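# Secondary and tertiary structure notes
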Amino acid sequence: MLKDYVAIADTIGVIAGILVLSSFIPQLHKAYKTKKMADVSIYLMSLIASGMFLWVIYGAIRGDPVIIGTNVTGFILNIILIILKLKYDKMHRIR
């Protein structure tokens, strides 16, 4: 019976992770397409990346692959957004 609850909790965690991570896709697509990220806060992205990094550590301590996988992926996506922001902001300042 406990295994059923663990399986349900893992399924909920995976679905939650997919939903959260999919929220990055529109921003990544828009940034790549428009080459603009002036309206996106570097502070927000830095805080989110820092929080996700800490979640990875927490997940590793707990031995929870759902927490680890979701937050490693989110951290990477956030770092990509930060890199794009820095690149595109610099590109627009030069012009």
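Here's a quick rundown of the structure.

The rules we used
Residues numbered from 1 in each chain as written. Predicted model: local features only at pLDDT ≥ 70, side-chain atom pairs only at ≥ 80, totals over all residues. Heavy atoms only, no water. Helix = DSSP H or I, 4+ residues; strand = E, 2+ residues; numbered from the N terminus. Contact = heavy atoms within 4.5 Å. Core = buried A, V, L, I, M, F, W, Y, C linked by side-chain atoms within 4.5 Å. Buried < 20%, exposed > 50% of the residue type's maximum accessible area, 1.4 Å probe, protein only. Salt bridge = Lys/Arg side-chain N within 4 Å of Asp/Glu carboxyl O. Axes fitted to C-alpha atoms, helices over the stretch in contact; angles between N-to-C directions. Parallel < 35°, antiparallel > 145°, perpendicular 65-115°, else oblique. Left-handed = near helix turned anticlockwise from the far one by under 90°. Nonpolar A, V, L, I, M, F, W, Y, C, P; charged D, E, K, R; others polar.

## Side note on the environment of Gly59
Take Gly59: it is sitting in helix H3 (residues 42–62). Along the backbone, Gly59 and Tyr88 are 29 residues apart, and their C-alpha atoms lie at a distance of 33 Å. With residues up to four places along the chain from it excluded, the contact list for Gly59 reads Asp64, Ile67 and Ile68.

## Focus: the nonpolar core
Of all hydrophobic cores here, the largest spans 14 residues; its most connected members are Phe24, Leu28, Met37, Met45, Leu81 and Leu84. Listed by contribution, the elements that provide at least two residues to this core are helix H2 (24–34), H3 and helix H4 (65–94). If one sorts the elements of this core by residue count, H4 sits on top with five residues. With residues near it in sequence (within four places) discarded, Met37 still touches Gln27, Ala31, Met45, Leu81, Leu84, Lys85, Tyr88 and Asp89.

## Description of the pattern of salt bridges
One pass over the full model with this rule turns up one salt bridge. A salt bridge links Lys85 to Asp89, with the nearest nitrogen and oxygen atoms 2.8 Å apart. Placement of the pair is Lys85 and Asp89 together in helix H4, with a separation of four residues, close to one helical turn. According to the relative accessible area criterion, Lys85 is buried, its value standing at 7%.

## Some thoughts on the packing of H2 against H4
It is at 11 Å that the axes of H2 and H4 come closest, and there the two elements cross at 25 degrees. Taken as axis vectors, H2 and H4 run roughly parallel relative to one another. Seen from above, H2 lies across H4 with left-handed handedness. Between H2 and H4, the contacting residues are Phe24, Gln27, Leu28, Ala31 and Tyr32 on the first element and Gly74, Leu77, Asn78, Ile80, Leu81, Leu84 and Tyr88 on the second. When grouped by side-chain class, the residues that make up the contact of H2 with H4 number nine nonpolar, three polar and no charged.

Geometry only, nothing functional implied.
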